[in-house]
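As a plain string of letters, each chain reads:
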Amino acid sequence: MAADLANGRTYGQAIPDQMERILNYFDAHLELISDVRELYGARVALEKEYAGKLQLLARKASEKKAKMESRFIIGDEPSKSWDSSTLRRSTLNNAFEEIMGSMANSAKDHVNLADKLSSEVVEVLRTVGKKNEEAKQKEVQFFQKLLSERDRVYGERLKSKQQYDEECAEVESFRQKQAGDDWHADRVARQAEQQRNEMLNSKNIYLISTAIANRAKAKFYQEDLPSLENELQTLQGRLVNRLTKVLLQAHTLERAHLDSLTTYIVGVEGQLDQVNAVEDQDIFIEYNLRTFTAPGDWTFDACSIHYDTDKMSVEPEPKIFIQNKLRRCRAKLQELSPLMDSKRIELDQLLSQVLSTDQSVGDVDELTDRYLETGHQLVFYATSESVLNTEMDTIMGAIGDDEGASRPHLFKSSSFSIPTQCAYCMFLESSIWGFNKQGKTCTLCGLSVHSKCELKVAANCEQSEERQSMVVRKSTNKTGLPASGPPIVPSASSFIQPAATEDLSQEGALGARVLFDFKPTSEFELAVYDGMRVRVLEADDGSGWVKVADDDGNSGLVPASYVDILNSGAVDEEEGRQGVSCQVRAIYPYDAQSTDELSLREGETLELSAGPKGGKNYGNGWWEGFNAQGKKGIFPSNYVRQNQAVMCA
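Covered by surrounding structure in strand S10 (residues 605–608) are Leu606 and Leu608 only, the residues Thr605 and Glu607 on the alternate face being uncovered. Looking at chain direction, strand S9 (residues 583–586) and S10 are connected through 3 bridges and run antiparallel. In the strand pairing of S10, arginine 585 is matched with threonine 605. Note that S10 and strand S11 (residues 622–626) share 2 bridges and pair antiparallel. Looking at S11, one finds that glutamate 607 is bridged to phenylalanine 626.

Below, the discussion takes up the confidence of the model for the chain. Per-residue confidence for the chain gives a mean pLDDT of 80, with 82% of residues at or over 70. Of all helices and strands in the chain, the one with the weakest mean pLDDT is helix H14 (residues 573–577) (44), whereas helix H10 (residues 277–286) scores best (90). Predicted confidence is poor over residues 498–508, with pLDDT under 50, and the contacts of this stretch with residues over four places away or in other chains come to 20 contacts. This model gives residues 568–580 a pLDDT under 50, and the stretch forms 24 contacts once residues within four places in sequence are excluded.

So, about the pattern of salt bridges. The full count for this structure, using the stated rule, is 30 salt bridges. Ionic pairing is found between glutamate 31 and arginine 71, a salt bridge with its closest N-O pair at 2.9 Å. Of the two residues, glutamate 31 sits in helix H2 (residues 19–46) while arginine 71 sits in helix H4 (residues 71–74), which places them 40 residues apart along the sequence. When its relative accessible area of 25% is taken as the criterion, arginine 71 is described as partly exposed. Overlapping salt bridges bring together Asp27, Glu133 and Lys136 as one network.

Turning to the nonpolar core, a few remarks are in order. In this structure, Val36, Tyr40, Ile99, Leu117 and Leu243 are the most contacted members of the largest nonpolar core, which totals 104 residues. Of all the elements, helix H8 (residues 185–257) adds the most residues to this core, at 21 residues. Residue contacts for valine 36: discarding those within four places in its chain leaves Phe96, Leu125, Leu243 and Leu247. Counting residues in hydrophobic clusters, the runner-up holds 13 residues, among them Cys582, Val584, Tyr590 and Ile634.

Now for the pairing of strand S4 (residues 510–514). In this sheet, strand S5 (residues 533–538) lies alongside S4 in antiparallel orientation, the contact comprising 4 bridges. Residue glycine 511 lies in a different strand from S5, and its bridge partner there is arginine 535.

Pairing is antiparallel across the open sheet formed by 5 strands, whose spatial order is S7-S6-S5-S4-S8. The open sheet has two edge strands, strand S7 (555–559) and strand S8 (563–565), and neither has a second partner. Each strand axis lies, on average, 45 degrees off the axis of its neighbour in the sheet, ignoring direction. Relative to S7, strand S6 (residues 545–549) runs antiparallel, the two being bridged by 5 bridges. Note that in S7 the partner of valine 548 across the bridge is glycine 556.

Once that is clear, we can look at the sheet that holds S10. With antiparallel pairing, the 5 strands of this open sheet are ordered in space as S12-S11-S10-S9-S13. Both edges of this open sheet fall to strand S12 (632–636) and strand S13 (640–642), since each of them pairs with a single strand only. Across the sheet, the mean angle from the axis of one strand to that of its neighbour is 45 degrees, orientation sign disregarded. Bridge count between S9 and S13: 3 bridges; the pairing is antiparallel. Within S13, the position partnered with arginine 585 by the bridge is arginine 641.

The rules behind these values
- Residues numbered from 1 in each chain as written.
- Predicted model: local features only at pLDDT ≥ 70, side-chain atom pairs only at ≥ 80, totals over all residues.
- Heavy atoms only, no water.
- Buried < 20%, exposed > 50% of the residue type's maximum accessible area, 1.4 Å probe, protein only.
- Helix = DSSP H or I, 4+ residues; strand = E, 2+ residues; numbered from the N terminus.
- Pairing = 2+ DSSP bridges.
- pLDDT = per-residue confidence, 0-100.
- Contact = heavy atoms within 4.5 Å.
- Salt bridge = Lys/Arg side-chain N within 4 Å of Asp/Glu carboxyl O.
- Core = buried A, V, L, I, M, F, W, Y, C linked by side-chain atoms within 4.5 Å.
- Axes fitted to C-alpha atoms, helices over the stretch in contact; angles between N-to-C directions.

This is the structure in structure tokens:
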């Protein structure tokens, strides 16, 4: 809606970072509309009474306006002194003054005029005020989201700084151990080198997050905030124009019914025709000019206990990490670009419709809402694009054209029922083990790593090139549905968050409980009801939808907020307890090594679970059961002894 501001100064350029005062200025105009509506509503009742009461009403309205007219002319807190001549410069104020004079002389009205004023003025003003209040609230919510997004980026920078400091401390700790331990010097040296790589990775992340924070800050103060202020300026200008048209209509009615008041009405029309929102906004700008200085950029802050520079580390291991991040950023940008192009086209079309539609109560309000919502989405998409481009620029500034090997692994989240070594960490970290998706496996070469090690593995998959011609990538959107499916648009933040959880297999699917009834509106959705148990096949990737399956084998999409994801093994836990007829006693203490295991205390009594895969049937030297607190898990079978007092099946 920038065309509305073409003939005057804009809030975003002239008075940046003054959202509170602009909102107060907007509220003053909304209050003015409310006052005008109350004024005409009261007049409808008084039109049938003695003419003297109408004169009294006009006087009261004039006094009320006098108390708040400075608010809708120069705002709540003007930056320089003003007097009555300043108020007379306002075209809107002058028009309203003329209305007061006309009403003071309108002592002879009748019921027909009162009825028309009620339907064509009072109700229209109520609708205009409500619509503009809703539009203002949406802008306020959008402003809060912008602040939250900016503060989130700032917070990520602080978190990465803290992580970097902790890793530096660990490096120094390993260095001291290395100096005092001759028996395990080689092992300590490997551990120290590994920790140093971790520290360098943390440093790179800190530098990237600093660059992102700087870019986010610049975008917030140079693009997002000025744009939002200009949107409020446009809404306020249109509000004034709408108010002007309604008032003109009211006085057109008066002219048709009260020929004797033609002289006064013509004077009012003349003043209303001179109402110029741009000129009035210039007055507000003139009396609210303040010095503004944008915050300075952040710089790299080296750890106090470790000597370092502000250069990104391009040693072999850290370089692999940032090369993989660069590759991931490019992939996400390829997904984001068509979405942004689509939103830009949609925004241009809506702008054309808004500007060509008659600005009366009706479709223009819906079009304006759609225009603002589309603009907000585009802003967040642009933020994601800025973040990705900043990451790429920062990384490419460090590594140049050296993008590493071009045979990336195709990792997918996996569950490991037996201890598995991470191909990257080897013996320096714990094994990958458990049913809670602790690692990832390359679907091409079978390489298994911790989730945190995914980006640390070099792109040298042995099967990548030979299978590249055989693999046909499906054209899917972020929800995992075919491109021809229903249009579920991903959120902007999903492009800059960590990679979404991959599809879950039927065998290892998590359980969930439905919280609300949901009726499908397309063939891709699934009907569910409150309390129903389902299996999660595809987790929420930021789109707000999850794919689930019911007990009958039907599957489809449901809103993510409609289901409660249960912990592994929690589905049908009560059913698993039915028929439990075997108790065992712990003969040795045992500390759980993962979340699906139970810790044992010597002498503790446990109940074995039932079912073909429960209790003693769990396999591989492990049994499944419940402790005294009702928690379900597995434990080594040779750490317990069967309770002879209870017969086991």
